[in-house]
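Coordinates in review
Each chain is listed here by its residues.
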Amino acid sequence: MWLRIGRFILKYRLALLLTLTAITAFMGYHASKVELSYDFARAIPTDNPKYKIYQDFKKKFGEDGNLLVIGIQTDSFFTEKLFNNYTELQRTLKKQKGVEDILSVPAAINLVKAGDEEKLKVDTIFPDRKLTQAEIDSGAAKFLNLPFYEGLLYNPDTHAWLMGVRINKDLMGKKIRLSIVNNIDKIVNDFGKANNLNVYESGLPHIRTQLTQRSVSEMRLFIIASIILSALILLIFFRSLTAMLLSLGVVAIGIVWSFATIEMMGYKISILIALVPPLMVVIGVPNCIYFLNKFHTSYNETGDKRKALEMMVSKMGIVTLFCNLAAGIGFGVFALTESQILKEFGVVAGINIITLFIISLILIPVVLSYVKPPKSRHTKYLENALLQRWLDRLERWSLNHRKLIYIVTAIIVAISVAGIFKLKTLGYIVDDLPKNDKIYSDLRFFENNFKGVMPLEIIVDTKEKRGATRNYQNLVRIDSLVQFLKTIPDVGHPLSITDGLKFARQAFFEGDRNSYAMPSEFDLPVLAQYLNFKKDSGTQKSSFAKLVGTFMDSARQTARISVNMKDVGSKRLPEIIDTVTQRVNQLFPKEKYAVDITGTSVTFLEGSYFIINGLKDSIMWAFILIALCMLYLFRSFRILVSSLIPNVIPLVITAGLMGWVGIPLKPSTVLVFSVALGIAIDVTIRFLVNYKQELPQNNFDQKKTVIDTIHNTGISIIYTSLVLITGFIVFCLSGFAGTQALGWLTSLTLVVATLTNLVLLPAILISLINKKK
């Protein structure tokens with residue numbers, strides 16, 4: 001069949017070339033329309049209960065991840081120059097497109113009695129103009145007397161000051177978010193330089209925007225670096241500009257098609273999908289090496305270019321198909337998970353790995369049919385003396401030292417298994433960033449001074465209309481939970497409706513700081529009007545009303561406790577949630593209340609579970625599907641077992657090393673195993689298919705066929721493995737530790753897989769032959 005396919009390709013080469021060109025032009029059009037993802041990719045399925053709770057929360061109270069925070073640390077905050085410049089910074093930011101509101105010291109308000117009336121009015125602390133030192137000192141005394149702002153806008157112990165910039169939630173998922181956040185960055189950095197201060201920025205809008213921009217920049221870097229390295233390796237191997245350009249043409253078309261697939265599937269470029277185009281280079285170049293290597297050996301045997309091309313397709317078509325099919329399965333199984341981000345990655349990667357085979361199968365023989373036959377220098381690599389000596393050693397080891405190979409392998413596997421038991425699962429919202437990265441260090445600033453910026457939301461449904469304002473016992477319970485949250489070390493300043501009541505109580509008692517406390521049941525009717533914000537007017541008043549009003553729904557039935565917390569990781573976060581849940585169950589009996597804990601922190605934790613569990617499942621599916629492919633290809637259970645052993649061992653060794661070194665299991669590291677299995681199996685397929693093809697030519701002398709296969713496939717296996725390893729090493733240039741881990745762990749796995757397939761696999765085959773005898 002494959003010989004007929006080869007003849008068909010050569011017969012209709014012009015038509016196929018024009019068709020491929022037309023399809024690539026069409027794909028290029030769609031690739032030009034691909035967009036970036038500006039949302040945090042959904043890691044949990046939409047029918048997940050916690051996802052639904054989070055969506056319901058956003059419908060009632062709005063987005064919890066649209067606050068960008070700006071921090072400075074100085075004991076000269078209330079000096080005339082700095083305070084006026086800080087106030088001007090606030091005014092400038094307020095004018096920026098997409099900025100809805102700003103919470104800061106200059107914009108802080110106070111509640112005061114309205115004359116003799118039993119009513120409160122909102123009063124500005126700092127007039128909105130350039131202030132004298134005396135005016136600033138007077139305002140500072142009022143401000144520092146208000147416990148409501150302590151821990152929210154300033155930390156009195158560390159002299160840290162916070163400004164919160166609330167960005168329009170409707171713009172958070174659009175491209176304009178980049179310009180909004182970048183404009184804020186520029187304004188803030190200019191302020192820092194002008195006042196000789198270190199300025200810190202964090203919050204989910206800032207973090208997400210920075211990560212999106214970096215992922216796109218790294219995608220370009222990976223593509224360029226992998227192309228350059230692959231070009232150099234190809235030029236060194238084949239010493240042919242034609243072979244190098246042809247191979248680069250294959251991967252270039254593959255890259256264009258991958259971008260087009262993303263757009264045509266309705267996806268956008270996320271941090272994970274950004275890895276697909278560079279992978280086209282990593283996987284496409286070995287395809288070219290397989291085909292070119294067979295073409296050169298066939299041409300040396302026949303001296304007929306056309307016949308050599310037909311032999312290339314007939315011999316390597318099936319090999320390359322199953323190699324790409326195995327790699328496609330390794331990536332494609334992610335589509336079987338419940339995580340949206342993994343589904344998209346699996347679909348795009350799986351489809352494009354298979355299309356790479358089609359591109360290679362058509363373009364390589366067609367182009368080679370038009371160019372001149374290879375010269376002797378182009379095939380000189382086939383007689384590499386150094387590699388041949390190493391292959392001779394491999395042959396001797398397989399023939400004469402099998403017992404030693406098995407013993408060494410068993411020892412390494414035993415040590416690795418011990419390391420696997422040391423593996424731990426751990427992930428962070430801001431994961432994979434170096435400790436000296438500004439995003440990481442700025443986040444730590446807010447964690448050290450304000451206990452973090454990661455949102456955690458507690459929703460209390462009182463199951464009665466106005467139960468969040470008129471039922472005193474409900475308010476007491478809410479405040480008890482707020483006080484409990486304050487005792488948790490990693491949780492920041494909680495905000496709820498009871499904080500507004502305390503603020504109001506302080507105002508009724510002439511601003512006495514000691515009166516900032518929960519009102520009594522007798523005080524509540526007097527303060528009830530404070531809770532009605534519908535008739536508010538004025539910028540300052542409505543701004544404060546908006547702040548406190550967000551802690552109830554429109555029916556005043558459901559109350560919200562909003563907390564910022566540290567990025568404590570997937571190990572500590574469940575402990576905190578369990579602790580809070582236990583206290584919630586004590587305060588709010590389930591028959592009277594419905595309490596949900598949600599927010600970005602909770603959805604992150606749930607998403608991490610789904611991603612890691614999904615990746616574990618994908619390894620199992622990849623193993624099963626690849627095994628079925630191998631069984632279909634070789635129709636022998638013994639060969640199946642022989643093929644899987646050399647590929648399972650590298651995965652065990654990598655997992656063991658992670659355990660011993662202390663690299664945790666997280667989405668970026670678990671990804672390694674399915675990917676490596678799908679790619680490493682290529683070497684096995686290459687070896688065993690050649691073994692199967694050569695067996696009849698050696699009169700079914702299995703031992704001689706194994707030896708010949710070592711020499712016939714060894715060089716191309718080493719070359720393709722070198723390309724694959726180099727391609728994944730490129731990912732070590734990433735600024736994300738997870739992508740770096742993907743690079744070096746996959747490279748390590750491929751190195752071990754190359755050794756096991758060239759040393760252990762021949763030894764196993766020879767042992768099976770001897771056992772038969």
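Below is a short write-up of the structure. Note that the structure is predicted; figures quoted are calculated from it, not measured.

**Looking at the overall build of the protein**
Of regular secondary structure, the protein possesses 24 helices and 10 strands. Out of the 773 residues belonging to the protein, those deemed buried represent 58%. Expressed as a percentage of contacts within the protein between residues at least 6 apart in sequence, the contacts between residues at least 24 apart total 80%. Taken as a whole, the protein presents about 32400 Å² of accessible surface, with 58% of it coming from carbon and sulfur. For the protein, the separation between the mean place of its 87 positive charges and that of its 62 negative charges on side chains is 11 Å.

**Here we look at the pattern of salt bridges**
It is possible for side chains bearing opposite charge to pair when their charged atoms get close. All told, the structure shown has 17 salt bridges when counted by the stated rule. Here D490 makes a salt bridge to K566, at a shortest N to O gap of 3.9 Å. In this pair, D490 sits in the loop between α15 (472-486) and α16 (497-508) while K566 sits in the loop between β9 (558-565) and α19 (569-587), placing the two residues 76 residues apart along the sequence. The exposure class assigned to D490 is buried, which follows from its relative accessible area of 14%. The residue E575 makes a salt bridge to R572 at a minimum N-O spacing of 3.4 Å. Note that E575 and R572 are positioned in helix α19 at a spacing of three residues, about one turn of the helix. Judged by its relative accessible area of 26%, R572 is partly exposed.

**Here's the deal with the packing of aromatic side chains**
The way to describe two aromatic rings as a pair is by their centre distance and the angle between their planes. Counting across every chain of the model gives 28 aromatic pairs. Summarising the aromatic geometry, the rings of F77 and F83 are spaced 5.6 Å apart at their centres and angled 90 degrees between planes, so their arrangement reads as edge-to-face. For the residue pair F77 and F83, the accessibility class agrees, reading buried in each case. Between F446 and F450 the ring centres are 6.4 Å apart and the planes differ by 35 degrees, which places this aromatic pair in the tilted class. Taken together, the positions of F446 and F450, both in helix α14 (residues 438-450) and four residues apart, correspond to about one turn of that helix.

**Quick word on the layout of surface pockets**
Approximately 760 Å³ is the volume attributed to the second largest pocket. Only β1 (67-73), β2 (99-103), β6 (160-167), α7 (204-238), β8 (454-461), α18 (539-549) and β9 provide two or more residues apiece to the lining of the second largest pocket. Across the lining of the second largest pocket, the residue classes break down as 16 nonpolar, 13 polar and nine charged.

**Quick look at the nonpolar core**
Counting 147 residues, the largest nonpolar core has F331, F345 and I685 as its most contacted members. Sort the elements by how many residues they give to this core and helix α22 (residues 667-694) lands first, with 16 residues. Counting 101 residues, the second-largest nonpolar core is a separate cluster that includes L93, A160, M454 and L475.

**Topic: the sheet that holds β8**
Paired through backbone hydrogen bonds, the strands of a sheet run either parallel or antiparallel to each other. Read from one edge of the open sheet, three strands run β9-β8-β10, paired in antiparallel fashion. Either end of the sheet is taken by a strand with one partner, and the two such strands are β9 and β10 (594-598). Recorded for the sheet is a direction-independent mean angle of 15 degrees between the axes of neighbouring strands. Of the strand pairs in this sheet, β8 and β9 are connected by eight bridges, and their pairing is antiparallel. Opposite L456, over in β9, you have V563 as the bridge partner.

**Some remarks on unusual backbone geometry**
The residue H159 is not glycine, and still its phi comes out positive at about 55 degrees. Considering the arrangement of structural elements, one finds H159 in the loop between β5 (154-155) and β6. The backbone of K451 sits at a positive phi, close to 60 degrees, despite the residue not being glycine. Looking at the element boundaries, K451 is found in the loop between α14 and β8.

**As for the packing of α15 against α19**
Relative to each other, α15 and α19 sit at 155 degrees, their axes nearing to 10 Å. If you check the angle between α15 and α19, you find them roughly antiparallel. Of the two elements, α15 crosses α19, and the hand of that crossing is right-handed. For the pair formed by α15 and α19, the contact residues are R477, S480, L481, F484 and L485 on the first element and T579, V580, R583, V584 and L587 on the second. Here the residues of the contact of α15 with α19 sort into six nonpolar, two polar and two charged.

The rules behind the values
- Residues numbered from 1 in each chain as written.
- Predicted model: local features only at pLDDT ≥ 70, side-chain atom pairs only at ≥ 80, totals over all residues.
- Heavy atoms only, no water.
- Helix = DSSP H or I, 4+ residues; strand = E, 2+ residues; numbered from the N terminus.
- Buried < 20%, exposed > 50% of the residue type's maximum accessible area, 1.4 Å probe, protein only.
- Contact = heavy atoms within 4.5 Å.
- Areas by Shrake-Rupley, 256 points an atom, 1.4 Å probe, with all protein chains shown as cover.
- Lys, Arg positive; Asp, Glu negative; His and termini not counted.
- Charge placed at Lys NZ, Arg CZ, Asp CG, Glu CD.
- Salt bridge = Lys/Arg side-chain N within 4 Å of Asp/Glu carboxyl O.
- Phe/Tyr/Trp six-rings, centres within 6.5 Å; stacked < 30°, edge-to-face > 60°.
- 1 Å grid on protein atoms, 1.4 Å probe; cavity = no way out; pocket = protein on both sides within 12 Å on 5 of 7 lines; lining within 4 Å.
- Points joined across faces, edges and corners; volume = space filled by probe spheres on them.
- Nonpolar A, V, L, I, M, F, W, Y, C, P; charged D, E, K, R; others polar.
- Core = buried A, V, L, I, M, F, W, Y, C linked by side-chain atoms within 4.5 Å.
- Pairing = 2+ DSSP bridges.
- Axes fitted to C-alpha atoms, helices over the stretch in contact; angles between N-to-C directions.
- Parallel < 35°, antiparallel > 145°, perpendicular 65-115°, else oblique.
- Left-handed = near helix turned anticlockwise from the far one by under 90°.

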